[in-house]
Every structure is written in structure tokens, then in C-alpha cells.
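The chain contents come next:
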Amino acid sequence: MIIYTKTGCPWCNEALAFLKSVGVPFEEREVLSNPKFFEEMRAKSGQSKAPTLDIDGEILPDTDAKAIEIYLRAKEIIK
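Right, let's walk through the structure included here. Predicted model only: the values in this text are computed from it and were never measured.

## Section: helix α3 (residues 65-74)
For α3, the complete set of buried residues consists of Ala65, Ile68, Glu69, Tyr71 and Leu72. For α3, the angular spread of the buried residues around the axis is 165°, confining them to a single face. Within α3, the exposed residues directed more than 90 degrees away from the buried face are Lys66, Ile70 and Ala74. In this fold, the buried residues of α3 make contact with α1 (10-22), β3 (52-55) and β4 (58-60). Glu76 lies just past α3 and shows a positive phi near 60°.

Right, dumping it as C-alpha cells:
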């Protein structure tokens, strides 16, 4: 799982805190300081907002902690 974030973004911070709290492994890619990660996120999601998740090729663009929780529960990644 990859989470694309922007420094200072409150929704990104909430999403990161949620993922940490449920113990789901992830890789954070901060897009403001890394143009490669920004372009990667845009190519995958078709937009430039964060947080954006890539979960085994399934893209959750411009999402939030609640939407991530709903998705992970539906996929039975968390209980």
C-alpha cells in the first residue's frame, strides 16, 4: 500500500494516523518535496489532491481516514 501525502495536509495526517493505529503496512510518498512522486500520483489517480492511496493497484484519490477505513473493512484487510 502506498499513501501519497502533502506536508501540512490535515487529511493526510489523519489518514497516516489511522493506518498506523490499525497496523496496516504502508509506504508514504510525500509529493510536494518529490516531483517524481507527484507525477506518479497524478498518473495513477488523474488528479493532484492528497491523500491518495494505491492499494494493490486500486486507487483511492483525494480520500480521507473514514473512506480508507470503509474500503479496508470491505476488502477485509482490517476487521
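## As for the pattern of salt bridges
The final tally for this structure, using the stated rule, is five salt bridges. Between Glu40 and Arg29 there is a salt bridge, with its nearest N and O atoms 2.1 Å apart. Separated by eleven residues along the polypeptide, Glu40 in helix α2 (residues 35-45) and Arg29 in strand β2 (residues 27-30) bring together distant segments of the chain. Residue classification places Glu40 among the buried residues on the basis of a relative accessible area of 19%. Among the ionic pairs, Glu69 bridges to Arg73, the shortest N-O distance being 2.9 Å. Taken together, the positions of Glu69 and Arg73, both in helix α3 and four residues apart, correspond to about one turn of that helix. Residue class for Arg73 comes out partly exposed when judged on its relative accessible area of 37%. Ionic contacts of the salt-bridge type, sharing partners, join the residues Glu27, Arg29 and Glu40 into one network.

Reading the values: rules and limits
- Residues numbered from 1 in each chain as written.
- Predicted model: local features only at pLDDT ≥ 70, side-chain atom pairs only at ≥ 80, totals over all residues.
- Heavy atoms only, no water.
- Buried < 20%, exposed > 50% of the residue type's maximum accessible area, 1.4 Å probe, protein only.
- Helix = DSSP H or I, 4+ residues; strand = E, 2+ residues; numbered from the N terminus.
- Arc of directions from axis to C-beta.
- Contact = heavy atoms within 4.5 Å.
- Salt bridge = Lys/Arg side-chain N within 4 Å of Asp/Glu carboxyl O.

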